[in-house]
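Okay, here's what each chain looks like letter by letter:
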Amino acid sequence: MNKFQRHQEITKLVNKKGTVRISEIMETFGVTDMTVRRDLIELEEQGVLKKIHGGARSNSAFQYNEVSHREKHTQNPEEKLKIAKIATKIIEERDTIFLGPSTTVEIFAEEIQNTNLTVVTNCLPVFNILSKKKSETFKVFLLGGEMRQISESFVGEITNNSIEKMHFSKMFFSANGIFENDVMASSMEEAYTQKLAISNSVEQYLLLDNTKIGKKDFTTICHLSDLTAIVTDSEDTDTINQISKYIEVIS
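The residue count restarts for each chain, going from 1 along the sequence in the order it is written. In keeping with the model being predicted, local features are shown solely for residues with a pLDDT of at least 70 and side-chain atom pairs are shown and tallied solely at 80 or more, while totals for entire chains, interfaces and linings include all residues. To get the side-chain values, take all heavy atoms of the structure and skip hydrogens and water.

(A) Expanded view of the overall build of the protein chain. The helix and strand tally for the protein chain stands at 10 helices and 15 strands. Throughout, exposure labels follow a simple rule: accessible area from a 1.4 Å probe, protein chains only, divided by the maximum for the residue type, with under 20% read as buried, over 50% as exposed, and the rest as partly exposed. Out of the 251 residues in the protein chain, the part that is buried amounts to 48%. Taking contacts inside the protein chain between residues at least 6 apart in sequence as the whole, the part at least 24 apart equals 60%. A distance of 2 Å separates the average location of the 30 positive side-chain charges in the protein chain from that of its 36 negative side-chain charges. Helix and strand definitions follow DSSP, with helices as H or I runs of at least four residues and strands as E runs of at least two, each counted in order from the N terminus. Note on contacts: a residue pair qualifies if any of its non-hydrogen atoms lie within 4.5 Å across the two residues. For the purpose of counting charges, residues Lys and Arg are taken to be positive, whereas Asp and Glu are taken to be negative. His and the chain ends are not included. Charge coordinates come from a single atom per side chain, which is NZ of Lys, CZ of Arg, CG of Asp or CD of Glu.

As structure tokens, then:
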């Protein structure tokens with residue numbers, strides 16, 4: 001195994017476990033302490049991991065600094081547009097759908113061309129986009145409740161009581177990351193609202209760009225295996241194979 005291959009395998013190991021000790025890397029790859037330390041220095045310089053006392057921590061293993069809705073607009077717009085265009089092909093006329101909060105879902109809302117839909121959302125920007133679509137058979141409902149400014153969405157008892165009384169043919173939502181079988185978010189309140197919508201939907205589609213794959217966050221919304229499919233822009237064969245253990249991948 002050459003250095004490049006070893007770096008790839010160390011990266012996979014660190015991202016899988018979150019943290020790993022130098023002794024474990026030495027034993028796994030049959031290399032010396034000095035070799036491991038040099039490898040970790042190089043991988044840290046590449047932004048893959050963070051060297052810690054006696055080992056390393058993955059930079060993608062945990063993300064708890066929630067980024068605002070406005071800030072997310074500047075992140076990966078081309079990838080999000082690709083996902084949105086794919087997802088619009090899933091919608092059928094006369095569907096009743098729920099759209100969760102996220103900039104990916106917002107772009108998805110802009111791409112919807114159907115004229116006979118009933119759409120329910122708890123995300124204000126998504127509602128603002130859909131409310132401009134002119135059609136007597138295109139109905140949009142915004143669920144009220146407690147406003148989360150950072151995601152510009154409504155959560156809490158009022159929102160949840162409304163969702164509990166509704167049923168959807170399809171749900172489209174996003175997340176801050178997936179790690180193995182877990183779909184993750186920064187807010188327990190928002191996660192619970194999404195979970196209710198998932199439970200009340202016949203089909204559930206997760207819209208997620210490649211940068212969020214392998215990332216942890218504060219709380220779990222659901223498991224990938226609870227959903228119908230994930231729509232992603234990722235073209236990495238290894239990544240898709242890992243995800244497809246739990247769920248159908250549409251890309």
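(B) Molecular detail of unusual backbone geometry. Of note, glutamate 152 is a non-glycine position whose phi angle comes to about 55°, a positive value. Tracing the sequence through the fold places glutamate 152 in the loop between strand E7 (146-148) and strand E8 (153-155). Even without a glycine there, the phi angle at glutamate 180 is positive, about 55°. Relative to the elements of secondary structure, glutamate 180 occurs in the loop between strand E10 (177-179) and strand E11 (182-185).

(C) Structural context of the UniProt feature "domain: HTH deoR-type" (unreviewed entry) in the protein chain. On the UniProt side, "domain: HTH deoR-type" (unreviewed entry) is annotated at positions that read residues 3-58 here. As annotated, residues 3-58 comprises 64% helix and 20% strand, and the C-alpha atoms at either end are separated by 19 Å. UniProt positions are given in the numbering used here, feature names are shortened, and annotations may be inferred rather than shown by experiment.

(D) Broad picture of the pairing of E11. Strands are labelled as partners when DSSP assigns at least two bridges between them. Examined bridge by bridge, E10 and E11 share 3 bridges and lie antiparallel to one another. The residue bridging isoleucine 178 from the neighbouring strand is valine 183, located in E11. As consecutive antiparallel partners, E10 and E11 are separated by 2 residues, and within that stretch glutamate 180 has a phi angle of approximately 55°, a positive value. As paired strands, E11 and strand E13 (residues 219-223) are joined by 4 bridges and run antiparallel to one another. Along E13, the bridge assignment pairs methionine 184 with threonine 220.

(E) Structural view of the environment of cysteine 222. Tracing the backbone shows cysteine 222 in strand E13. We classify cysteine 222 as buried; its relative accessible area is 7%. When the C-alpha atoms of cysteine 222 and alanine 56 are compared, they prove to be 29 Å apart, with 166 residues separating the residues in sequence. Cysteine 222 has contacts with Phe173, Asn181, Asp182, Val183, Ile198 and Leu227, leaving out every residue within four places of it along the chain.

(F) Main features of the packing of aromatic side chains. Any Phe, Tyr or Trp ring, taking Trp's six-membered ring, that has another such ring centre within 6.5 Å forms a pair; planes under 30 degrees apart are called stacked, those over 60 apart edge-to-face, and the others tilted. Enumeration according to the criterion identifies 3 aromatic pairs in this entry. Summarising the aromatic geometry, the rings of phenylalanine 98 and phenylalanine 168 are spaced 5.4 Å apart at their centres and angled 50° between planes, so their arrangement reads as tilted. One end of the pair, phenylalanine 98, is in strand E4 (residues 96-99); the other, phenylalanine 168, is in strand E9 (residues 168-173), and 70 residues separate them in sequence. For the pair phenylalanine 98 and phenylalanine 168, a shared accessibility class is recorded, and that class is buried. Here the aromatic rings of phenylalanine 172 and tyrosine 205 are separated by 5.3 Å at their centres, their planes lie at 20°, and the arrangement is stacked. Of this pair, phenylalanine 172 sits in strand E9 while tyrosine 205 sits in strand E12 (residues 201-207); the two residues are 33 residues apart in sequence, bridging distant segments of the chain. In this structure, phenylalanine 172 and tyrosine 205 share a single accessibility class: buried. Among the aromatic residues, those joined into a ring-pair cluster are Phe108, Phe172 and Tyr205. To sit over a ring, a charge needs its Lys NZ or Arg CZ within 6 Å of the ring centre and within 35 degrees of the ring normal. One residue, lysine 216, lies across the ring of phenylalanine 179, its end atom 4.5 Å from the ring centre.

(G) Spatial organisation of the sheet that holds E11. Strands sit in the order E10-E11-E13 across an open sheet of 3 strands; the sheet is antiparallel. Looking along the sheet, the strands with just one partner apiece sit at the ends: E10 and E13. Between one strand axis and the next, the sheet turns through 35° on average, direction left out of account. Along the sheet face, helix H9 (residues 188-199) touches E11 and E13 and points at about 10° away from the line of E13. Every angle, taken between N-to-C directions, lies between 0 and 180 degrees, and every axis is a line fitted to C-alpha atoms, over only the stretch in contact when it is a helix.

(H) Summary view of the packing of helix H2 (residues 22-29) against helix H3 (residues 33-45). In the contact formed by H2 and H3, the axes pass within 9 Å of each other and the chain directions differ by 110°. When the interaxial angle is binned, H2 and H3 end up roughly perpendicular. The interaxial crossing formed by H2 with H3 has right-handed handedness. Taking contact as the criterion, the partners of Ile22, Ile25 and Met26 in H2 are, on H3, Asp33, Val36, Arg37 and Leu40. An angle below 35 degrees is read as roughly parallel, one above 145 as roughly antiparallel, one from 65 to 115 as roughly perpendicular, and any other as oblique. By definition, any crossing whose near helix is turned counterclockwise from its far helix by less than a right angle is left-handed, and any crossing with a clockwise turn is right-handed.

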